[in-house]
Amino acid sequence: MPETKSKRYLRLSVHELVDYLLRSGDIDNRVYNQETMLAGTKIHASFQKKQGREYLSEYALAETFERPLGTIRLEGRADGIVTGGPFPVIDEIKSTVLPLEKFHEQQGRWHLGQAQCYALMYAHEKKLDLVGVRLTYISQIDDKRAVHERKYSLAELEEAVSAYMDDYLRFHERQFAHVDERNESAGNLAFPFASFRRGQREMARYVYSVATQGGTFYCEAPTGIGKTMSALFPAVKAFAKGKLDRVFYLTAKSTGAEAASAALGRLYEKGFKGRDSLLRAKDRLCFRPGAACNPDECPFAKDYYAKIRNVVEEALDSGKRFDPDYVASLARKHAICPFETQLDLSLYSDVVIGDFNYVYDPLVHLERFFDPPADPSHSLLLVDEAHNLVERGRDMYSSRLSLYEAALARRSLRRFKVPGVKRALTKIESFFLDEAKAFEGGVRDYDEPPEELVKALASLSRAHKELIKKSHPSLGAAYKDFSRECHRFEYLLENYPEHSRLYFEKRGDRAEIHLYCPDPSEYLSASSSLLKGRVYFSATLSPIEYYMDALSGRHDDPYLLLPSPFPKANFDLILAPMVSTRYRDRAATYEEVASYLSAFVEARKGNYFLYFPSYEYLDNVASFLSFPHADVYKQERDMPPEGKEALLARFVAHPKKSVVALLIIGGTFGEGIDLAGDRLNGVAVVGIGLPQLSHERDLIKGYYAKVNGEGFEYAYMNPGMNKVMQAVGRLIRGEKDKGAALLIDDRYLREDYKRLFERTWTGYAVATSPADVSENLRYFYKRKAK
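Overview of the pattern of salt bridges
According to the stated counting rule, one finds 49 salt bridges in the structure shown. Between Arg174 and Asp317 there is a salt bridge whose closest N-O contact spans 3.1 Å. Of this pair, Arg174 sits in helix 4 (residues 154-188) while Asp317 is found in helix 9 (residues 304-318), placing the two residues 143 residues apart along the sequence. Judged by relative accessible area, Asp317 falls into the exposed class, the value being 52%. Two residues, Arg368 and Glu340, come together in a salt bridge whose shortest N-O distance is 3.5 Å. Linking Arg368 in helix 13 (residues 367-370) with Glu340 in helix 11 (residues 338-346), this pair joins segments that are 28 residues apart in sequence. The partly exposed category is assigned to Arg368, whose relative accessible area is 29%.

Brief notes about the sheet that holds strand 17 (residues 559-561)
Pairing is parallel across the open sheet formed by 7 strands, whose spatial order is 9-10-8-11-16-7-17. Single-partner strands in this sheet number two, and they are strand 9 (276-278) and strand 17. Each strand axis lies, on average, 15° off the axis of its neighbour in the sheet, ignoring direction. In this structure, strand 9 lies alongside strand 10 (residues 351-355), joined through 3 bridges in parallel fashion. Across the sheet, residue Ser277 finds its bridge partner in strand 10, namely Val352. Relative to the sheet, helix 6 (residues 227-237) contacts strand 8 (246-251), strand 10, strand 11 (379-383) and strand 16 (533-538), its axis offset from that of strand 11 by approximately 175°.

Points about the environment of Thr581
Position of Thr581 relative to the elements: it lies in the loop between strand 18 (571-576) and helix 21 (586-602). Overall, the relative accessible area of 2% leaves Thr581 in the buried class. Each C-alpha atom, one on Thr581 and one on Pro613, is 9.2 Å from the other, the two residues being 32 residues apart in sequence. Ignoring anything within four residues of it in the chain, the contact list for Thr581 reads Arg586, Tyr617, Val686, Gly687, Ile744, Asp745 and Arg747. Here the side chain of Thr581 touches Asp745 through a polar contact of 2.4 Å, side chain to side chain.

Considerations on the packing of helix 9 against helix 10 (residues 324-334)
With their axes 11 Å apart at the nearest point, helix 9 and helix 10 run at an angle of 140° to one another. As judged from the angle between their axes, helix 9 and helix 10 are oblique. Taken as a pair, helix 9 and helix 10 cross one another with a handedness that is right-handed. Taken together, the residues of helix 10 that come into contact with helix 9 (itself represented by Lys307, Val311, Glu314, Ala315 and Ser318) are Tyr326, Leu330, Lys333 and His334. Here the residues of the contact of helix 9 with helix 10 are counted per class, giving 4 nonpolar, 2 polar and 3 charged.

Quick notes on empty space enclosed by the protein
Across all of its chains, the model carries 3 cavities of 30 Å³ or more by this definition. Lining the largest cavity are 14 residues, with Cys286, Cys293, Cys298, Cys337 and Pro338 sitting closest to its centre. As a volume, the second largest cavity reaches approximately 60 Å³. In this structure, the second largest cavity is lined by Glu35, Leu457, Leu460, Ser461, His464, Ser483, Cys486, His487 and Glu490. Breaking the lining of the second largest cavity down by element, the ones donating at least two residues are helix 17 (451-470) and helix 18 (477-495). Of the residues in the lining of the second largest cavity, the class split is 3 nonpolar, 4 polar and 2 charged.

So, the packing of aromatic side chains
Counted by the stated rule, this structure contains 44 aromatic pairs. Here the aromatic rings of Tyr20 and Tyr168 are separated by 6.0 Å at their centres, their planes lie at 85°, and the arrangement is edge-to-face. Separated by 148 residues along the polypeptide, Tyr20 in helix 1 (residues 14-22) and Tyr168 in helix 4 bring together distant segments of the chain. As far as the burial class goes, Tyr20 and Tyr168 line up, both buried. The side chain of Arg604 reaches across the aromatic face of Tyr781, ending 4.4 Å from its centre. If you follow Lys644 out to its NZ or CZ, it ends over the ring of Phe669, 5.8 Å from the centre.

Observations concerning helix 18
Taking 1.5 Å per residue as the helical rise, helix 18 with its 19 residues ought to reach 27 Å, and the 27 Å between its terminal C-alpha atoms agrees with that figure. If you check which residues of helix 18 are buried, you get Tyr479, Phe482, Ser483, Cys486, His487, Arg488, Phe489, Leu492 and Leu493.

So, the environment of Asp674
Topologically, Asp674 is positioned in the loop between strand 21 (658-664) and strand 22 (682-686). Considered as a pair, Asp674 and Leu389 are 285 residues apart in the sequence and their alpha carbons are 21 Å apart. Side-chain polar atoms of Asp674 contact the side chain of Arg733, separated by 2.9 Å.

Concerning the environment of Cys117
Looking at the element boundaries, Cys117 is found in helix 3 (residues 100-126). Measuring from C-alpha to C-alpha, the distance between Cys117 and Leu648 comes to 59 Å, with 531 residues separating the pair along the chain. Excluding residues within four positions of it along the chain, Cys117 makes contact with Val14, Leu17, Val18, Leu74, Val161 and Tyr164.

Side note on the sheet that holds strand 15 (residues 510-516)
One open sheet accounts for 4 strands, arranged 12-15-14-13; its pairing is antiparallel. Where the open sheet ends on each side, the last strands, each with one partner, are strand 12 (399-402) and strand 13 (442-446). Geometrically, the sheet is characterised by an average inter-axis angle of 20° between neighbouring strands, direction not taken into account. Where helix 15 (residues 403-411) meets the sheet, it contacts strand 12 and strand 15, and its direction lies at approximately 65° from that of strand 12.

Points about the nonpolar core
Counting 145 residues, the largest nonpolar core has Leu17, Tyr360 and Ile513 as the members making the most contacts within it. Broken down by element, this core gets its largest block of residues, 12 residues, from helix 3. Apart from residues lying up to four places away in sequence, Tyr360 is in contact with Leu250, Leu381, Val383, Leu389, Met396, Tyr397, Leu524, Ser527, Ser528 and Tyr536. In this structure, Val207, Val210, Val236 and Phe239 belong to the second largest nonpolar core, which totals 39 residues.

Re helix 23 (residues 641-649)
Structurally, the α-helix is built with 3.6 residues per turn, so residues lying three or four positions apart point the same way. Among the residues of helix 23, Lys644, Leu647 and Leu648 are the ones counted as buried. Buried residues of helix 23 fall within an arc of 95° about the axis and therefore sit on the same side. Exposed side chains of helix 23 directed beyond 90 degrees from the buried face belong to Glu642, Glu645 and Ala649. Buried-residue contacts for helix 23 involve strand 19 (607-612), strand 20 (630-634) and strand 21.

Rules of the game
- Residues numbered from 1 in each chain as written.
- Predicted model: local features only at pLDDT ≥ 70, side-chain atom pairs only at ≥ 80, totals over all residues.
- Heavy atoms only, no water.
- Salt bridge = Lys/Arg side-chain N within 4 Å of Asp/Glu carboxyl O.
- Helix = DSSP H or I, 4+ residues; strand = E, 2+ residues; numbered from the N terminus.
- Buried < 20%, exposed > 50% of the residue type's maximum accessible area, 1.4 Å probe, protein only.
- Pairing = 2+ DSSP bridges.
- Axes fitted to C-alpha atoms, helices over the stretch in contact; angles between N-to-C directions.
- Contact = heavy atoms within 4.5 Å.
- Polar contact = N/O pair within 3.5 Å; in protein donor to acceptor, adjacent residues only side chain to side chain.
- Parallel < 35°, antiparallel > 145°, perpendicular 65-115°, else oblique.
- Left-handed = near helix turned anticlockwise from the far one by under 90°.
- Nonpolar A, V, L, I, M, F, W, Y, C, P; charged D, E, K, R; others polar.
- 1 Å grid on protein atoms, 1.4 Å probe; cavity = no way out; pocket = protein on both sides within 12 Å on 5 of 7 lines; lining within 4 Å.
- Points joined across faces, edges and corners; volume = space filled by probe spheres on them.
- Phe/Tyr/Trp six-rings, centres within 6.5 Å; stacked < 30°, edge-to-face > 60°.
- Lys NZ or Arg CZ within 6 Å of the ring centre and 35° of its normal.
- Expected span 1.5 Å × (residues − 1).
- Core = buried A, V, L, I, M, F, W, Y, C linked by side-chain atoms within 4.5 Å.
- Arc of directions from axis to C-beta.

No statement about biological role is implied by the geometric values presented.
As structure tokens, this is what we get:
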């Protein structure tokens, strides 16, 4: 029998209890933002340090309360407790950029509720009949202070805090009932298809084990396994055990998130009674693009915290999925911010689907789930297309500043009277100009952060803080973007320096400073280790040791490398090893490459993707290409989403004329495209997908050469072959699909490259001329026709 009945038990932080019940006011990024929060932390610590011996700082409190509607384990840390007087006083410290009395007037009830909870737990712990409460307000503008004090009898505290808990439990009753229904339905849930595909059951078994017992698991699941359902179905089944709170399903692209949402929809159709949130980026949900998140610029920020409780209750009672369309309609109905609404609703979702950065990015991860006092240790992490997390992880812990953007930001402020900010921007520009004069061009590495830059960034940070404290001008996008990146650069430099490399790059008039992280595995592992279990899966996770190194730095976790579930006879792989596409040989082989591609396309009417190393290479080969029986389309630089969709729409089943797309390897058409059936018949890849030579690639190379002796493999070879395998993976999307792939480069027959693809593609033909390509395909299609 499934373990379905949930105990009426809640483990809450004081903030979780009181914030929902008592917080009011607006969303206001001028008052609540990363800078004011960091400033608040420093002010707290400074104030606490100055108190005497009778002041107990960060005092941990916890107590279990039995109430008529359930049990609450309440936990938290009091900012301070003043002892030594006639009775102890609980000190709740708050700092703000607002006038202190205005802040108290707006939020005093919320702050008092927190202090009352700490006071009651301390009174019970010390067996006290009388406890004082002090609200200490400190200005972030001028360090002025305001104090509000009260004293409470034990009975008064018990009455107040019991009312908070009973109110919260009444609200949460619907969540208790939901969890019971969810767990029971998960126990009765059947696999949504008639049978498991080859490899699907094996993957699902491992995922279920991690979901119920914890741990880490890697799985390479080639196209056709049904990896999305293989991950979600066992994760949902694990709810029946009553030991899993939530599933986070992460993807790198919106198409992957939508596929996960669709798969979850199938489980709902089969009887699963769950809730899910499909998270969208702020700029895709915002009702007022470009407006700042405050009530002066955006009406949807007004009174958000006063409205959200009723909105949440309406959403929970609606039975609707918390997808972007529903969230937008609900938010518009109540005139509140849709982005914050989706995040608040996600707290009540069983499955949260979103981008990697919601868990891993040090500045934009979901604090409500992953920062203390939140406890994600009963949640499961599913990371789809995990091969993308390697580069995304590097990006999350890297930053770049440029002279051009600094100058643009300063010029955008011409009409504003913000002298402090302008002076700071001028200092940053001066740093770039001084560094640029110091050498003719190229790249220069730093052993230590340049003192001039550190001081200039600190100057901008101070000036920006002073600006938002004293006034709230609507500054332009150029300044906002640059100041945000400066904050990121400064934050990463201060908090994550261990694996970072700092270098200055000058190319012509372009001058940039880069903070680059070649190995974020320690940081990625720290984020994912907060959760109970972690599953990394993708169609391309070979060589598995490389991905284990890059994602966690460990080699002792279990993994599963599944074979393709589709008939091998449906796929024809041709290697063309007589052509060198190395940079030094390219000019001499453009015409030869074009001959191979023409033979490939002309062998049979159909739909073809042809991938090239770069736009420059594509343009150079294009003049030699001849496809007299095909319509040819080309991927353009910075192609918008609608352009991509228009191009893909030309690939129809059973075309009357061949259709050819000339594409860039590793670009927007490199993965996440599903043209099933006869919509794609052939894929050709020119080259081995190596990333372009760059200083950052060489930093990776140098770093891993020291760590494990595989610098070139980790910087160039493995990422390159992953792009090749992803491109070829666009082909053969179903059991009846058939098609051919052509790989053009002499290195494909080298042992070090063959070992990267032979596990997935066990057989191949070798074509030493375009005529061999034509003959091979003629035989392949003749055989399939029989």
